[in-house]
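Coordinates in review
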Amino acid sequence: MTDRDLAFVVFDGVQKSYDGETLVVKDLNLEIARGEFLTMLGPSGSGKTTCLMMLAGFEVATHGQINLGGRPINNIPPHKRGIGMVFQNYALFPHMTVAENLAFPLQVRRMGRAEVQEKVQRALDMVQMGGSEFAGRRPAQLSGGQQQRVALARALVFEPDLVLMDEPLGALDKQLREHMQFEIKHLHERLGVTVVYVTHDQSEALTMSDRIAVFNDGVIQQLATPEDLYERPENAFVAQFIGENNKLDGTVASLTDSEARVHLDGAGEIGALAVSCGAVGSRTMLSIRPERVLIADSSAPNQLDAKVVELIYLGDHIRCRMEVAGRDDFVVKVPNSARHSVLQVGQTTPVGWLTDDCRALDAA
Amino acid sequence: MANGENVSGPILAADGRPLKQSLARALRLQKLRALALIAPLLIFVLVSFVAPITDMLFRSVENAIVPDTLPLTVAALEDWDESAGKLPGEEVFAALHQDLLVAVAAKAHTKLGSRLNYEQTGVASLLRKTGRRVKRMEEDGDLAAQFAKIHKSWADPETWATIKRFSSAYTSGYFLNAVDAKLGATGIEARPENERIYIFLFERTLLLSVVITVACLLIGYPVAFLLATLPMRTSNMLMILVLLPFWTSLLVRTSAWKVLLQQQGVINDTLVFIGLVANDGRLAMINNQTGTIIAMTHILLPFMILPLYSVMRTIPPSYMRAAKSLGATDWTAFWRVYFPQSVPGIGAGAILVFILSIGYYITPELVGGTSGTFISNRIAYHISSSLNWGLAAALGVILLMVVLVLYWLYDRIIGIDNVKLG
């Protein structure tokens, strides 16, 4: 991947304010590579949709510059940007049939009738809606999943280099949503189109994306691959937002190269990987994933006493809520093996983990 | 079902009655209660709306006054052949004499005169004059000659033909009159050129109503679009401005147009001051069609804007965004995506404005002059001045039929379920 490719879409110091008093997007710097699937993930009100709308041209950046394919697009109206977009509610034109909806972007580009027909059919085939019964139907006569496919086909039919998707699967039920996630992912791989995807659903982001930009409070908290984001969160927000997380509060007692000794509020001192904790004496939040906690395993270097508060049977594993270092929301996922019978509610057992699995982050 | 008898028979409820019967019984009480709730309104509407209107419309064909006032004459005239051009025989004159004696005692002969005067001018005075002298006539003498002596019209077969033609209890006379025709000696015939007025008035009413509807649409559409797309605070302010006319008296609004549009009015003064119009060439904008169109467009504008607005508000902005993201210019996005979705609002607004304007009375009366009055002004004239209620009712029925036919046409062409008021 060359540098030019990496900078297919560039946000350069972009700020956005609606009322002139608060910034919805604060100093956004982001480079998206050609052919990449990038997801903007964050809670509602974090500025991710605003970023997408600025890229599509429906919102004007208050400050900074947005480049697409090497040229600044701040002053280019949306219809000249050539960006495909899938909207949250699909925005399929209700007074047109499926075929007319798909033909619309081609007709406004003044393509010939035969060419339009061919491209519409190809786009419908692409989303498995090529059957003759669908082309003549109105959007209201389609199911939610079918509308979703048509919206997808319409955003792709004029072969844009960049497709934006604004929570396109939000209205579908869970099963269909998961199915469509794979379809969109495969479509992306097949067409090589660049996709910027906005969602607040982290599992959707983890499933589909090449890279994820986690937004909070108008700032990208971390931009990384799904694996990095889960395994190596760089701050407390990301650790809490992505996946399940156990947190323990404490104070940094000593720091060596990469290891911090942390004095826990509840009791004891343990070792952790120093990621973004401050200097000695500052407050820190320790993050440990539930599946990395070892129960009654003497080989673990960090050991604390835990009291079992609740056991929930989930088939493949048992969720065990424990009281550790004064907090009773410490969750451990115990694999469903012969060992689980050891645990009883009310029982006290040592828990431990590897130093690398416990990350000392900023105190949120 | 194991039991063979039950397969074909009706399904039974637990108490052995047929299920349908039980259901109907259970629902009857509910229906009665619902009916009782709407009964006050229903009675009110029937008594104060349906009944008077039906009675009024019925007057357009009602003609009982002739057979009621002249029962003997009507019976005697049955054998008389009007096309022969001869006077009826003595027995008819005798019957008329008897009838008139009764009628004069009841003072009914003048009413009969007014009624027949609609069909043949002069009958009113003829009957008044005859009524004054009928008591002094000699019953055994030559009645035909005596009648002819009172008034020469009695010697004219045409007078008798008119009485015979309108002797039945129901008549098409008012309707024929309303479409510039009459029942002549040889059947239905058109009125003379110089007496025709109603067809022309109907045409003008329809034409001006179409012009007003189109003007309302052209002016109202952008306003409704702004209302639906501006931020809440601004659009609320604008909405108040749209509704403001509703809080002002109709008469005040219409009179205000007089002040603005008259020859020595604000607009003409301004145009003369700018130099666009010469002082002796001031524009005539009031007391003619222009005045009616301007004032009625202004007054009916809210009825176009409100349905348009309520439909436009339901069109999500994401459609326009989607169209633009697909490469459409602002105009294409509007014309191909937004406009088709606002058509139900246009339909509702246009029907509302058109039907209101076709029956409008006050504004054309005040600013219409002679060239800008509507059929409704003529109806009002017959109701309150000429007291020819039968003709007024006939004109009203025709107006109602025109509206219904247009409504039906609209339903056939566009579909009434395409009309949305919100």
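First, a word on what this report is: a plain description of the structure on this page.

Thresholds applied
- Residues numbered from 1 in each chain as written.
- Chains lettered and ligands numbered in written order.
- Predicted model: local features only at pLDDT ≥ 70, side-chain atom pairs only at ≥ 80, totals over all residues.
- Heavy atoms only, no water.
- Helix = DSSP H or I, 4+ residues; strand = E, 2+ residues; numbered from the N terminus.
- Rg over C-alpha atoms; globule rule 2.2 N^0.38 Å.
- Buried < 20%, exposed > 50% of the residue type's maximum accessible area, 1.4 Å probe, protein only.
- Contact = heavy atoms within 4.5 Å.
- Areas by Shrake-Rupley, 256 points an atom, 1.4 Å probe, with all protein chains shown as cover.
- Lys, Arg positive; Asp, Glu negative; His and termini not counted.
- Charge placed at Lys NZ, Arg CZ, Asp CG, Glu CD.
- Pairing = 2+ DSSP bridges.
- Axes fitted to C-alpha atoms, helices over the stretch in contact; angles between N-to-C directions.
- Buried area = accessible area lost by both parts, 1.4 Å probe.
- Salt bridge = Lys/Arg side-chain N within 4 Å of Asp/Glu carboxyl O.
- Polar contact = N/O pair within 3.5 Å; in protein donor to acceptor, adjacent residues only side chain to side chain.
- Nonpolar A, V, L, I, M, F, W, Y, C, P; charged D, E, K, R; others polar.
- Expected span 1.5 Å × (residues − 1).
- Arc of directions from axis to C-beta.
- Parallel < 35°, antiparallel > 145°, perpendicular 65-115°, else oblique.
- Patch = residues over 30% accessible without salt bridge, like charges linked within 9 Å, V, L, I, M, F, W, Y side chains within 5 Å.
- Left-handed = near helix turned anticlockwise from the far one by under 90°.

**Examining the overall build of chain B**
- If you tally the helices and strands in chain B, you get 20 helices and two strands.
- Rg of the C-alpha trace for chain B: 32 Å, well past the compact-globule value of 22 Å for 422 residues, more than 25% over.
- Along the first, second and third principal axes, the C-alpha atoms of chain B reach 100 × 100 × 35 Å.
- Out of the 422 residues in chain B, the part that is buried amounts to 39%.
- Put simply, of all contacts in chain B between residues at least 6 apart along the chain, 68% involve residues at least 24 apart.
- Surface accessibility of chain B: about 23,400 Å² in total, with carbon and sulfur atoms responsible for 65%.
- Charged side chains in chain B number 36 positive and 30 negative. The centres of these two groups are separated by 13 Å.

**Concerning the overall build of chain A**
- When helices and strands are tallied, chain A shows 10 helices and 20 strands.
- Projected onto its principal axes, the C-alpha positions of chain A cover 75 × 45 × 40 Å.
- Residues classed as buried in chain A amount to 49% of the 364 residues present.
- Restricting to contacts in chain A with at least 6 residues of sequence separation, those with at least 24 account for 67%.

**Re the sheet that holds strand β2 (residues 25-32) of chain A**
Residues and elements named next belong to chain A.
- The antiparallel open sheet is built from four strands, whose spatial order is β2-β1-β4-β5. The open sheet has two edge strands with one neighbour each: β2 and β5 (71-72).
- Bridge count for strand β1 (residues 9-16) against β2 is five bridges, and the pairing is antiparallel. Residue pairing for β2: F11 is matched across the bridge by L30.
- In the packing of helix α2 (residues 48-56) onto the sheet, the strands contacted are β1, β2 and β4 (63-68), and the crossing angle to β1 comes to about 120 degrees.

**Side note on the interface of chain A and chain B**
- Taken together, the contact between chain A and chain B spans 22 residues of the former and 16 residues of the latter.
- Summed over both sides, the interface between chain A and chain B buries roughly 1,800 Å², with carbon and sulfur atoms accounting for 66% of that surface.
- Viewed at the interface, chain B and chain A are joined by one salt bridge.
- For E59(A), the salt bridge goes to R321(B), with nearest N and O atoms at 3.7 Å.
- Joining chain A to chain B, the criterion identifies three residue pairs in polar contact (both at pLDDT 80 or more).
- In terms of residues, the side of chain A that touches chain B owes the most to one element, helix α3 (residues 98-107) of chain A, which gives three residues.
- The residue makeup of the side of chain A that touches chain B, split by class, is 15 nonpolar, four polar and three charged.

**Points about the sheet that holds strand β15 (residues 294-295) of chain A**
Residue and element names in this part refer to chain A.
- Read from one edge to the other, the open sheet built from five strands follows the order β15-β19-β16-β17-β18, with strand pairing classed as antiparallel. Every interior strand has two partners, whereas the edge strands, β15 and β18 (327-335), have only one.
- In this structure, strand β16 (residues 302-313) lies alongside strand β19 (residues 348-353), joined through six bridges in antiparallel fashion. Bridge assignment links K307 to a residue of β19, and that residue is T348.

**Topic: the pattern of salt bridges**
Residue and element names in this part refer to chain A.
- Inspection of the entire model under this criterion finds 30 salt bridges over all chains.
- When the shortest N-O distance is used, the salt bridge between K119 and E159 registers 3.8 Å. Here the residue K119 occupies a position in helix α4 (residues 113-126), and E159 occupies one in the loop between α6 (144-156) and β7 (162-166), the gap between them amounting to 40 residues.
- Beyond isolated ion pairs, a larger network of salt bridges with shared partners links E115, E118, K119, R122 and E159.

**Quick look at helix α13 (residues 250-261) of chain B**
Residues and elements named next belong to chain B.
- Counted at 1.5 Å a residue, the expected span for α13 with its 12 residues is 16 Å, and the 17 Å between its end C-alpha atoms agrees.
- Among all positions of α13, only R253, T254, W257 and L261 are buried. Each buried residue of α13 sits inside an arc of 95 degrees when the element is viewed along its axis, so together they form one side.
- The secondary structure elements touched by the buried residues of α13 are α14 (266-274), α15 (289-312) and α18 (362-367).

**Considering the packing of helix α11 (residues 198-229) of chain B against helix α19 (residues 375-384) of chain B**
Residues and elements named next belong to chain B.
- At their nearest, the axes of α11 and α19 sit 8 Å apart, and the two run at 135 degrees to each other. One element, α11, and the other, α19, form an angle in the oblique class. Of α19, the residues touching α11 (which contributes Y198, L201, F202 and T205) are I375, R378 and H382.
- Grouping the constituent residues of the contact of α11 with α19 by class yields four nonpolar, two polar and one charged.

**A short note on the pairing of strand β11 (residues 246-255) of chain A**
Residue and element names in this part refer to chain A.
- Of the pairings in the sheet, the one linking β11 to strand β14 (residues 283-288) comprises six bridges and is antiparallel in character. Bridge pairing links K247 to S287 in β14.
- Summarising the sheet, β11 and strand β12 (residues 259-264) pair through five bridges and their orientation is antiparallel. Looking at the pairing, S254 lines up with R261 of β12.

**A closer look at a positive patch on the surface**
Residue and element names in this part refer to chain B.
- Residues R128, R132, R133, R136 and K149 make up a contiguous surface patch of positive charge.
- The biggest single contributor to the positive patch is helix α7 (residues 123-133), with three residues.
- Examined against the element boundaries, R136 turns out to sit in the loop between α7 and α8 (143-150).
- On the accessibility criterion, R136 (65% relative accessible area) is exposed.

**Details of the packing of α3(A) against α6(A)**
Residues and elements named next belong to chain A.
- Where α3 meets α6, the closest approach of the two axes is 8 Å, and the angle between their N-to-C directions is 25 degrees. Here α3 is positioned roughly parallel relative to α6, judged by the angle of their axes. Once α3 is placed against α6, the crossing between them reads as right-handed. From α3, V98, N101, L102 and P105 reach across to α6, where they touch V150, A153 and R154.

**Some words on unusual backbone geometry**
- With a phi angle near 75 degrees, Y90(A) is a residue other than glycine that sits in the positive phi range.
- Its place among the elements puts Y90(A) in the loop between β6 (83-86) and α3.
- Even without a glycine there, the phi angle at N287(B) is positive, about 60 degrees.

**Describing α2(A)**
Residues and elements named next belong to chain A.
- Of all nine residues making up α2, eight are buried, and the element is well covered by its neighbours.
- Within the sequence span of α2, burial applies to K48, T50, C51, L52, M53, M54, L55 and A56.
- Residue G57 follows α2 closely and has a positive phi angle near 100 degrees.

**Quick word on the side chain of H109(B)**
Residues and elements named next belong to chain B.
- Summarising the element assignment, H109 is placed in helix α6 (residues 109-117).
- The exposure class of H109 is buried, given its relative accessible area of 9%.
- With near-sequence residues (within four places) excluded, H109 lies in contact with L100, A103, V104, L127, R128 and G131.

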